[in-house]
Amino acid sequence: MKKLVLVLVMIFAVMVGRTQSFEGVIHFSMKMEITDPKIKAQIEEAKKKAADPANQAKMKEMEAKMKDPQMKALLEQNPQMKAQMEAMMKVMMGSDPSAMMPTGIVVKLKGTNSLMSMQGGIMDKNEILRVGDKDMTYMINNPAKTYMVMKNQSNVPQKTPKITKTSETQKILNYTCTKYLIEQTGFDGKSLNTNYWATTEIKDIDLKAIAKQQANQGQAFIYAEIDGVPLKVETTTPQGNIIMECTEFKKESVPASTFTLPAGYAETKI
């Protein structure tokens, strides 16, 4: 499920990372609904185990160790270890897979540069930085103070998605959005059905121009066939439903320094 979330986030990162004239900040909410009966049963079982007194005692013991002055000093010297332990705590405390999901995404844009920050879940405080003039994309792990160069997915074989424009509309942030049905195959080879709600009332982001630049055939085809900018994306999977929706679209000045790798961060490999 985390891999699917990353794929969806990367779709937005590629899209917004190729804007031309827009400068500002966009906020998205993100939520997940588990629909698979088997996973629901596993969640209930995991909740029971998490509520077990023995497991509760282990959790308290781990929390106490992390608050110990010596341990705190050690973790401050080793941000990666600290990030791993905090992620482990989140997994142990949140037996529901949806608790691992980001609750929101904040995107800062300036020309062809973008910085996408994840909020909440196991990817909390992780960022995706797109530096347009260098044609480079980075995954930044702020808690661990590391970064990773994201590989270009243009060489990944993909089937052309089926796109159906509907007559259904919906108001999002007072913009009239039209619903598009997208049927495609994800990077993992599994079916991925998505609803895009796009508006033509935002003129600063041109998906048609993005499509001409985009090497990824499947995503470029979607941009070319959709009129306007997606403000809501609903993805249906066998495990559950994921909804990303724009909650704020604000034009404002963003410092150029926002789109640089943090000093002192170490590069890691996949």
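Whatever comes next refers back to the structure up there.
Draft legend 1. Representation of the pairing of strand 1 (residues 23–34) within the structure. Two elements, strand 1 and strand 2 (residues 104–110), share seven bridges in a ladder whose sense is antiparallel. Residue H27 lies in a different strand from strand 2, and its bridge partner there is V106. In this sheet, strand 11 (residues 240–251) lies alongside strand 1 in antiparallel orientation, the contact comprising 11 bridges. Looking at strand 11, one finds that F28 is bridged to C246.

Draft legend 2. Summary view of the pattern of salt bridges. Evaluation of the coordinates by the stated rule reveals nine salt bridges. In this structure, K162 engages E183 in a salt bridge whose closest nitrogen and oxygen atoms are separated by 4.0 Å. One end of the pair, K162, is in strand 7 (residues 162–172); the other, E183, is in strand 8 (residues 175–185), and 21 residues separate them in sequence. It is possible to trace a salt-bridge network through shared partners that takes in K232, E234 and E245.

Draft legend 3. Spotlight on the nonpolar core. Membership of the largest hydrophobic core comes to 30 residues, with the highest contact counts inside it found for I26, I105, V107, L231 and F249. Sorting the residues of this core by element identifies strand 1, helix 2 (37–50), strand 2, strand 3 (113–119), strand 10 (229–236) and strand 11 as the ones contributing at least two each. Take this core: its biggest share by element is five residues, from strand 1. Sequence-distant contacts of L231, that is, excluding residues within four places in its chain, are made with F28, I172, Y175, C177, W197, T199, I202, M244, E245, C246 and F249. Grouped together as the second largest cluster of nonpolar side chains are 11 residues, V25, V131, I140 and Y265 included.

Draft legend 4. Layout of the sheet that holds strand 10. A sheet is described by the order of its strands in space; here 12 strands give the open sequence 7-8-9-10-11-1-2-3-4-5-6-12, paired in mixed fashion. Edge strands, defined here as strands with exactly one partner in the open sheet, are strand 7 and strand 12 (266–267). Direction of pairing for strand 7 relative to strand 8: antiparallel, over a ladder of eight bridges. Across the sheet, residue T169 finds its bridge partner in strand 8, namely T178.

Draft legend 5. Here's a closer look at the side chain of E127. Along the chain, E127 falls in strand 4 (residues 126–131). K108 provides the closest opposite charge to the buried, unpaired E127, separated from it by 6.9 Å. A polar atom in the side chain of E127 sits 2.9 Å from the side chain of S117. Only 3.1 Å separates the side chain of E127 from the side chain of N142, close enough to count as a polar contact. Excluding its chain neighbours within four sequence positions, the residues that come into contact with E127 are L115, M116, S117, M118, Y138, M139, I140 and N142.

Draft legend 6. Here's a closer look at the packing of helix 3 (residues 53–67) against helix 4 (residues 69–77). Contact geometry for helix 3 and helix 4: axes closest at 5 Å, N-to-C directions at 70 degrees. The orientation of helix 3 relative to helix 4 falls into the category roughly perpendicular. Touching K65, M66 and K67 of helix 3 are P69, M71, K72 and L75, all from helix 4. Within the contact of helix 3 with helix 4, the residues separate by chemical class into four nonpolar, no polar and three charged.

Rules used in this analysis
Residues numbered from 1 in each chain as written. Predicted model: local features only at pLDDT ≥ 70, side-chain atom pairs only at ≥ 80, totals over all residues. Heavy atoms only, no water. Pairing = 2+ DSSP bridges. Helix = DSSP H or I, 4+ residues; strand = E, 2+ residues; numbered from the N terminus. Salt bridge = Lys/Arg side-chain N within 4 Å of Asp/Glu carboxyl O. Core = buried A, V, L, I, M, F, W, Y, C linked by side-chain atoms within 4.5 Å. Buried < 20%, exposed > 50% of the residue type's maximum accessible area, 1.4 Å probe, protein only. Contact = heavy atoms within 4.5 Å. Lys, Arg positive; Asp, Glu negative; His and termini not counted. Polar contact = N/O pair within 3.5 Å; in protein donor to acceptor, adjacent residues only side chain to side chain. Axes fitted to C-alpha atoms, helices over the stretch in contact; angles between N-to-C directions. Parallel < 35°, antiparallel > 145°, perpendicular 65-115°, else oblique. Nonpolar A, V, L, I, M, F, W, Y, C, P; charged D, E, K, R; others polar.

This is a description of form; function is not addressed.
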